[in-house]
Amino acid sequence: ELQLQREELSSTRGVFEKQNDMLSQEKFESTYFQMLSLFHSIVNSIDIRRNNPEKTLIKTGRDCFETFYKELDAEVYKLLEREKNKTDIVVQSYLTEDNLPIKFYIEAYDTVYTKHRSDLSHYFRTFYHIIKLIDNSDLKIKKQYTSIARAQLSSYEQTLLFYNCLHHNGNEKF
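All figures in this text were calculated on a predicted structure; none of them were measured in a lab.

Rules behind the numbers
Residues numbered from 1 in each chain as written. Predicted model: local features only at pLDDT ≥ 70, side-chain atom pairs only at ≥ 80, totals over all residues. Heavy atoms only, no water. 1 Å grid on protein atoms, 1.4 Å probe; cavity = no way out; pocket = protein on both sides within 12 Å on 5 of 7 lines; lining within 4 Å. Points joined across faces, edges and corners; volume = space filled by probe spheres on them. Helix = DSSP H or I, 4+ residues; strand = E, 2+ residues; numbered from the N terminus. Nonpolar A, V, L, I, M, F, W, Y, C, P; charged D, E, K, R; others polar. Phe/Tyr/Trp six-rings, centres within 6.5 Å; stacked < 30°, edge-to-face > 60°. Buried < 20%, exposed > 50% of the residue type's maximum accessible area, 1.4 Å probe, protein only. Salt bridge = Lys/Arg side-chain N within 4 Å of Asp/Glu carboxyl O. Contact = heavy atoms within 4.5 Å. Expected span 1.5 Å × (residues − 1). Arc of directions from axis to C-beta.

### A few points about the layout of surface pockets
Reported here for the largest pocket is a volume of approximately 390 Å³. Along the wall of the largest pocket there are 13 residues; nearest its centre are Asp21, Ser24, Gln25, Asp138 and Leu139. Mapped by element, the contributors of at least two residues to the lining of the largest pocket are helix H1 (2-45) and helix H4 (117-136). The element best represented in the lining of the largest pocket is H1, accounting for six residues. Looking at the lining of the largest pocket, its residues break down into four nonpolar, five polar and four charged. The wall of the second largest pocket is formed by 14 residues, among which Asp47, Ile48, Arg49, Lys115 and His116 lie closest to the centre. Those elements giving two or more residues to the lining of the second largest pocket turn out to be strand E1 (47-49), strand E2 (57-60), helix H2 (64-87) and H4. Take the lining of the second largest pocket: its biggest share by element is three residues, from E1.

Written as structure tokens, this is what we have:
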């Protein structure tokens, strides 16, 4: 009879552990999907306006990231031209985009980030906390959740995220 009670107790403990795991997963998923929803509302609230008295709306939401990317590209080109003019020597490694020193991109990103700080800082902090939530969880399938989060990003957003991670804003934690 004592053996039967031990087996029953062990079985009950197993059921409680499974229930606890399921509750933990449900709590994680609830928080995770709420954060993704918040992230989407942040993306939708981003806008670019002309710098004129009427502050005419140019782009909103995810479309802004194409503009941010194009501004980054233009800044890299300006820095490259400045560097070429400084030395009056065309350095071979600066002739193709693939060979540009990363410092050009980081400096260009800094310019774009500073210009659009009010939108980009909120955006990147929120995405960082989504990734941190996954990383700090006890889940065994973290890659699945990071893939879902990454799927929310356009190619332009992924590129800006890459430069944000190289920049001093994101390189330590993100």
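### Quick notes on the packing of aromatic side chains
Taken as a whole, this structure holds 13 aromatic pairs when the rule is applied. Here the aromatic rings of Phe28 and Tyr32 are separated by 5.6 Å at their centres, their planes lie at 15°, and the arrangement is stacked. Of this pair, Phe28 and Tyr32 both sit in helix H1, four residues apart, which is roughly one turn of that helix. Comparing Phe28 with Tyr32 shows no difference in burial state: the two are buried.

### Section: the pattern of salt bridges
Taken as a whole and judged by the stated rule, the model has seven salt bridges. The shortest N-O distance in the salt bridge between Lys59 and Glu66 comes to 4.0 Å. Given the relative accessible area of 26%, Lys59 is considered partly exposed. Across the salt bridge formed by Lys115 and Glu71, the nearest N and O atoms sit 3.5 Å from each other. Residue Lys115 is located in helix H3 (residues 102-115), and its partner Glu71 is located in helix H2; the two are separated by 44 residues in the primary sequence. Assessed through its relative accessible area of 17%, Glu71 is described here as buried. Several salt bridges converge on common partners, so that one network encompasses Lys59, Glu66 and Lys70.

### Focus: the environment of Tyr32
Exposure remark for Tyr32: the relative accessible area of 0% places this residue in the buried category. Leave out the neighbours within four places in its chain, and Tyr32 touches Ile130, Leu133, Ile134, Tyr145, Ile148 and Ala149.

### A word on helix H6 (residues 155-166)
Here H6 is twelve residues long and its end C-alpha atoms lie 17 Å apart, about the 16 Å a rise of 1.5 Å per residue gives. Along H6, the residues that are buried comprise Glu157, Leu160, Leu161, Tyr163 and Asn164. Taken down its axis, H6 places every buried residue within 165° of arc, on the same side.

All we've got here are geometric facts, nothing functional implied.
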